[in-house]
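Descriptive structure summary
Here is how the chains run, residue by residue.
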Amino acid sequence: MTQQRTTCAVVGGGPAGIVLGLVLARAGVAVTVLEKHGDFLRDFRGDTVHPSTMTLIDELGLWDRFTQLPWKPIESVRVVLDAGPAQIGDLTLLGRVGVPHPFVAMVPQWHLLDMLAAAGEEEPTFTLVRHAEVTDLVRRGGRVTGVRWGEGNELAADLVVACDGRDSRVRERSGLPQRDFDVPMDVWWFRLPREEDDPAGGLGRLTDDGRMIIMIDRGDHYQVAYLIARGTDAEARRGPVQALRDELRRAAPWLGDRVDALTTWDDVKLLRVTLNRLRRWAAPGLLCLGDAAHAMSPVGGVGINLAVQDAVAAARLLAPVLATGDPDPAAVDAAARRVQRRRSVPTVATQTAQRIAHRVVVRNVLRGGGLGVGRLPLPVRLLQKVPALQIVPAYLVGIGVLPERAPAWARRGQDASAKNSSALPSGSVKDSAQP
């Protein structure tokens, strides 16, 4: 058995894990991120980077690198109902309230993670271990003291942070109590060709006979989410994929023969939607973040950005304790509990909004109830009559509740270079980024 030690062991190299590792490392904390795969190349990961996350990227001094990635901006969100088309969110309006990047960037997540991991590896206390699947927690005296991974490897740590997603092995092993919420749908996820004269930006198609289609502009193709009633996937796949092509043509006739790009059911991925959260995110020696603490619905596409916000808040609260060189276990646990108190408000608020959307919109449409035949719903009509109000949905989705700012000691760039260092003396980290 190979045994090693670090100050903070982060399980999972997704957005939350890599950002947490990067920000802690800039405080001089020894961080080891364990990623079970050999690379970040996963198809159908969430690819939305919201304005709040781009602000953090900018504050961390990584904006120039981000602009080199293959990304496409989305500045508005439109829906097409049976009663007609409507724009429901104008992200450009966020620029009027000081948001530096008033759009959603669609960027393949593996490119984003590669960029963040490269920035982390520039810090002397950051270590990323690939092909490192965590299999269990190590406990001593009722406290989590590390993890087991791979074939006989053990990593001891003052704190273990689970960032390994909605199917978290660490959360499963922790025994932390969880609350699950009912969801009415699953999602078929696939690609369709896009032509140059197609409408730009995000597009939603909701019909009164039970079809909901979200089409995200990815330049040369649409990334399509087709909502289906929960538990109907298996039955549909027993028939030909032609049935799905026919439904797409009926819902959006302008797609024409582009639906023929779906040649078999293998082209259609099933994403099982879950909505849950831990009642307690922390146990002695352990903290859960992102989807490992609160799996989000795809409504609003906010899961990645909430996970990143969790990571930044956690780094800000944990660094003063972990950077001391010999962390006091009681102080570590107290800081971990503060992370949940800090991030519970945006988590509960976002999940409550998603549950309302499930009940009021998704369930009604999937049952064929529609949203009002022949007339746009009142809130949508109001947004058309007073376009300035479109900043409200744009802010709720693009910025969210209680956005986090990068700690001053983690920032890079002209405005931060005079006061920041990548290797701060033990105990010198200050919580200087409270909004």
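This report concerns the structure included in the present document. (Residues numbered from 1 in each chain as written. Predicted model: local features only at pLDDT ≥ 70, side-chain atom pairs only at ≥ 80, totals over all residues. Heavy atoms only, no water.)

1. What to know about the pairing of strand 1 (residues 2–11)
Bridging between strand 1 and strand 11 (residues 153–162) involves nine bridges; their strand directions are parallel. By the bridge assignment, Arg5 is partnered in strand 11 with Ala156. Across four bridges, the pairing between strand 1 and strand 2 (residues 31–34) is parallel. Of the residues in strand 2, the one forming a bridge with Cys8 is Val31. (Pairing = 2+ DSSP bridges. Helix = DSSP H or I, 4+ residues; strand = E, 2+ residues; numbered from the N terminus.)

2. Quick look at the pattern of salt bridges
Pairing is possible between side chains of opposite charge, provided their charged atoms come close. Tallied over the full model, the rule gives 23 salt bridges. Put simply, Asp333 and Arg143 hold a salt bridge, and the shortest N to O gap is 2.6 Å. Within this pair, whereas Asp333 is found in helix 9 (residues 329–366), its partner Arg143 is found in strand 10 (residues 143–149), the two being separated by 190 residues in sequence. Here Asp333 falls in the buried class, since its relative accessible area comes to 12%. Asp260 is paired through a salt bridge with Arg249; the nearest N and O atoms lie 2.8 Å apart. Of this pair, Asp260 sits in the loop between helix 7 (242–251) and strand 17 (269–271) while Arg249 is found in helix 7, placing the two residues eleven residues apart along the sequence. (Salt bridge = Lys/Arg side-chain N within 4 Å of Asp/Glu carboxyl O. Buried < 20%, exposed > 50% of the residue type's maximum accessible area, 1.4 Å probe, protein only.)

3. A look at the packing of aromatic side chains
In this description, an aromatic ring pair is defined by two values, namely the gap between the centres and the angle between the planes. Inspection of the entire model under this criterion finds six aromatic pairs. Linked through ring pairs, Trp63, Phe66, Trp71 and Phe103 together constitute an aromatic cluster. (Phe/Tyr/Trp six-rings, centres within 6.5 Å; stacked < 30°, edge-to-face > 60°.)

4. What to know about the packing of helix 2 (residues 51–59) against helix 8 (residues 303–322)
Direction vectors running N to C along helix 2 and helix 8 enclose 40 degrees, while the axes themselves pass 9 Å from each other. Looking at the two axes, helix 2 sits oblique to helix 8. Crossing of helix 2 against helix 8: the hand is left-handed. Residues Ser52, Thr53 and Leu56 of helix 2 lie in contact with helix 8, whose contacting residues are Asn305, Val308, Gln309 and Val312. Across the contact of helix 2 with helix 8, the residue classes break down as three nonpolar, four polar and no charged. (Axes fitted to C-alpha atoms, helices over the stretch in contact; angles between N-to-C directions. Parallel < 35°, antiparallel > 145°, perpendicular 65-115°, else oblique. Left-handed = near helix turned anticlockwise from the far one by under 90°. Contact = heavy atoms within 4.5 Å. Nonpolar A, V, L, I, M, F, W, Y, C, P; charged D, E, K, R; others polar.)

5. Focus: the nonpolar core
The biggest cluster of nonpolar side chains holds 83 residues, and the ones touching the most others in it are Leu20, Leu24, Phe66, Val160 and Leu287. Broken down by element, this core gets its largest block of residues, eleven residues, from helix 8. Excluding its chain neighbours within four sequence positions, the residues that come into contact with Leu287 are Leu159, Val160, Val161, Ala162, Trp281, Ala282, Ala314, Leu318, Ala336 and Val339. Met106, Val187, Met212 and Val362 belong to the second largest nonpolar core, which has 22 residues in total. (Core = buried A, V, L, I, M, F, W, Y, C linked by side-chain atoms within 4.5 Å.)

6. Details of the sheet that holds strand 3 (residues 48–49)
Taken in spatial order, the three strands make up an open sheet running 3-7-4, and their pairing is antiparallel. Only two strands of the sheet have a single partner each, and these edge strands are strand 3 and strand 4 (72–74). Note: strand 3 against strand 7 (residues 104–106), two bridges, orientation antiparallel. In the strand pairing of strand 7, Val49 is matched with Ala105.

7. Quick notes on the packing of helix 1 (residues 15–25) against helix 4 (residues 109–121)
Helix 4 packs onto helix 1 with a crossing angle of 20 degrees between their chain directions and a minimal axis gap of 9 Å. One finds that helix 1 runs roughly parallel with respect to helix 4. Both helix 1 and helix 4 take part in a crossing whose hand is left-handed. Between helix 1 and helix 4, the residues in contact are Pro15, Ile18, Val19 and Leu22 and Gln109, Leu113, Leu116, Ala117, Ala119 and Gly120, respectively. Residue classes in the contact of helix 1 with helix 4 are distributed as eight nonpolar, two polar and no charged.

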